[in-house]
Amino acid sequence: MGIEDFGGGQNARTDVLVVTTNDVPGYRVEKVIGEVFGLTVRSRHLGSQIGAGLKSMIGGELKGLTKTLVETRNQAMERLVEQARSRGANGVLMFRFDVTETADVGTEVCAYGTAVVISPL
């Protein structure tokens, strides 16, 4: 697996800019639309659980689980961007992830932030 399998983030050609900051240098916030989020829940794969258990005894990165978490986070972010776009936003400020275990059967990943309309100064 290459480094591209373990990365994430936004496509450079998107029409909705997502940032973790309160503002975007060179832009002003014209309108605050409100909170948006993207949510996904992934169940655990039995094979990866067994592999993770074995790997935990000898140490090292659990690459299969890492790749799955990256894919899950990217899906949550894509859903957040879709929701922001559908509400008329072209930006999301204060972007964050929240990850929670759900009843020992899977992992919930929520991407959230504040949808806004921004324009260049």
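Please refer to the structure placed before this passage.
The shown structure was predicted, so the numbers you read here are calculated from the model rather than taken from an experiment.

**Concerning the overall build of the chain**
Right, on to step 1. Looking only at helices and strands, the chain has two helices and four strands in total.
Right, on to step 2. Ordered by position from the N terminus, the helices and strands of the chain form the series β-β-α-α-β-β.
Right, on to step 3. Per-residue burial over the chain gives 27% buried out of 121 residues.
Right, on to step 4. Residue pairs in contact within the chain that sit at least 24 positions apart in sequence constitute 77% of those at least 6 positions apart.

**A look at the packing of aromatic side chains**
Right, on to step 1. For the structure shown, the criterion picks out one aromatic pair.
Right, on to step 2. Ring centres of Phe95 and Phe97 lie 5.0 Å apart, and the angle between their planes is 75°; this geometry places the pair in the edge-to-face category.
Right, on to step 3. The buried category is assigned to Phe95, whose relative accessible area is 9%.
Right, on to step 4. By relative accessible area, which is 25% here, Phe97 ends up partly exposed.
Right, on to step 5. It is Arg73 that lies over the ring of Phe97; its NZ or CZ is 3.8 Å from the centre.

**With respect to the nonpolar core**
Generally speaking, soluble globular proteins have nonpolar side chains that are buried together.
Right, on to step 1. Formed by 15 residues in total, the largest nonpolar core has its most connected members in Val18, Leu80, Ala84 and Val92.
Right, on to step 2. Mapped by element, the contributors of at least two residues to this core are strand E2 (27-43), helix H2 (63-86), strand E3 (91-102) and strand E4 (106-120).
Right, on to step 3. When residues in this core are grouped by element, the largest group, five residues, is from H2.
Right, on to step 4. Residues in contact with Leu80, not counting those within four places in the same chain, are Val18, Val36, Phe37, Gly38, Val92, Phe95, Ala111, Tyr112 and Gly113.

**Observations regarding the side chain of Thr72**
Right, on to step 1. Mapped onto the secondary structure, Thr72 falls in helix H2.
Right, on to step 2. Relative accessible area serves as the criterion here: at 2%, Thr72 is assigned to the buried category.
Right, on to step 3. Discounting residues that sit within four places of it in the chain, Thr72 has contacts with Thr40, Arg42 and Val109.

**A word on H2**
Right, on to step 1. With 24 residues, H2 should cover 34 Å at 1.5 Å per step; its first-to-last C-alpha distance of 35 Å lies within 8% of that length.
Right, on to step 2. What H2 keeps buried is the set Val70, Thr72, Ala76, Met77, Leu80, Val81 and Ala84.
Right, on to step 3. Looking at the packing, one finds that the buried side of H2 touches strand E1 (17-18), E2, E3 and E4.
Right, on to step 4. Where H2 terminates, the next one or two residues include Gly88, which has phi positive at roughly 90°.

**As for the side chain of Ser119**
Right, on to step 1. Tracing the chain through its elements places Ser119 in strand E4.
Right, on to step 2. Reaching out from Ser119, the side chain makes a polar contact with the side chain of Glu30 at a distance of 2.6 Å.

**Remarks on the environment of Thr114**
Right, on to step 1. Relative to the helices and strands, Thr114 resides in strand E4.
Right, on to step 2. Residue classification places Thr114 among the partly exposed positions, given a relative accessible area of 29%.
Right, on to step 3. Counting along the chain gives 18 residues from Thr114 to Arg96, while the straight-line C-alpha distance between them is 9.9 Å.
Right, on to step 4. Beyond its immediate sequence surroundings of up to four residues, Thr114 is in contact with Val32, Gly34, Glu35, Gly91, Val92 and Leu93.

Conventions used here
Residues numbered from 1 in each chain as written. Predicted model: local features only at pLDDT ≥ 70, side-chain atom pairs only at ≥ 80, totals over all residues. Heavy atoms only, no water. Helix = DSSP H or I, 4+ residues; strand = E, 2+ residues; numbered from the N terminus. Buried < 20%, exposed > 50% of the residue type's maximum accessible area, 1.4 Å probe, protein only. Contact = heavy atoms within 4.5 Å. Phe/Tyr/Trp six-rings, centres within 6.5 Å; stacked < 30°, edge-to-face > 60°. Lys NZ or Arg CZ within 6 Å of the ring centre and 35° of its normal. Core = buried A, V, L, I, M, F, W, Y, C linked by side-chain atoms within 4.5 Å. Expected span 1.5 Å × (residues − 1). Polar contact = N/O pair within 3.5 Å; in protein donor to acceptor, adjacent residues only side chain to side chain.

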